[in-house]
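Residue strings, one per chain:
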Amino acid sequence: MEIQLSHQEFKSAPIEHQIVLIAENIRTPENVGMIMRLSEAFGVEKIYFVGEHAIELTTKVKRASRNTHKTMKYEFGLSAQKELEKLKDSGYQAIALEITNRSIPIQNVKAKQYKKLVLIVGSERQGISEELLQLCENHYHIPMFGENSSINVVNALAIGLYQISEMH
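The present account deals with the structure reproduced in this document. Worth saying up front: this structure is predicted, and the values here are computed from it rather than measured.

## Section: the overall build of the chain
Point 1. Secondary structure summary: the chain contains five helices and seven strands in total.
Point 2. Sequence-ordered secondary structure for the chain, helices as α and strands as β, is β-α-β-α-β-α-β-β-β-α-β-α.
Point 3. Burial status across the chain gives 43% buried among its 168 residues.
Point 4. Relative to all contacts within the chain whose residues are 6 or more apart in sequence, the contacts with residues 24 or more apart total 85%.
Point 5. Surface accessibility of the chain: about 9,900 Å² in total, with carbon and sulfur atoms responsible for 49%.

Here you go:
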């Protein structure tokens, strides 16, 4: 007989990668909280919520994060370019999850080549800024088959983190 395990009974897989997330101009508290929750589930080391439209830790953020705001490392409101340059100087490679003129499908990511990775996602309104895109070595997009060319940032992040983790 199959039974569902409780959260305490489930053992997570060991983390074999170093991922930092830069989330640019995420405005919705629920998205910020769900980004924290999702990032914690995939073993992201730290989240930088950056940009002029980034929001702070609110009650809605805390609720959506399901308490991962207490265990995740994160910072709000820093300069995206400055943080990315510091991470790159310490050995991280940056990839953007964005549709661009040189993006390739996310399933083609060769994550094993990245020992230390910065994944960048942007707002649903504008995506990732041109300044950050210029600092990224690679651009990846999620192939879509309908008329719509974008999905919610949290859903996109889930697909991106899964693809990156699956390659390890």
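Text resumes after the structure shown.
## Looking at the packing of aromatic side chains
Point 1. Enumeration according to the criterion identifies two aromatic pairs in this entry.
Point 2. Centre to centre, the rings of phenylalanine 49 and phenylalanine 76 are 5.0 Å apart; their planes meet at 15°, and the pair counts as stacked. Of this pair, phenylalanine 49 sits in strand β2 (residues 46-50) while phenylalanine 76 is found in strand β3 (residues 73-78), placing the two residues 27 residues apart along the sequence.
Point 3. Under the relative-accessibility criterion, phenylalanine 76 is labelled buried at 17%.

## Section: the pairing of strand β6 (residues 116-121)
Point 1. Among the six residues of β6, five are classified as buried, and the element is accordingly described as predominantly covered.
Point 2. Note that strand β1 (residues 18-24) and β6 share six bridges and pair parallel. Each residue of the ladder has a partner; that of isoleucine 19, found in β6, is leucine 117.
Point 3. Here four bridges tie strand β4 (residues 93-97) to β6, and the two strands are oriented parallel to one another. Along β6, the bridge assignment pairs alanine 94 with valine 118.

Here is what the cut-offs are and how they apply
- Residues numbered from 1 in each chain as written.
- Predicted model: local features only at pLDDT ≥ 70, side-chain atom pairs only at ≥ 80, totals over all residues.
- Heavy atoms only, no water.
- Helix = DSSP H or I, 4+ residues; strand = E, 2+ residues; numbered from the N terminus.
- Buried < 20%, exposed > 50% of the residue type's maximum accessible area, 1.4 Å probe, protein only.
- Contact = heavy atoms within 4.5 Å.
- Areas by Shrake-Rupley, 256 points an atom, 1.4 Å probe, with all protein chains shown as cover.
- Phe/Tyr/Trp six-rings, centres within 6.5 Å; stacked < 30°, edge-to-face > 60°.
- Pairing = 2+ DSSP bridges.

Everything listed is a geometric property; what it means functionally is a separate question.
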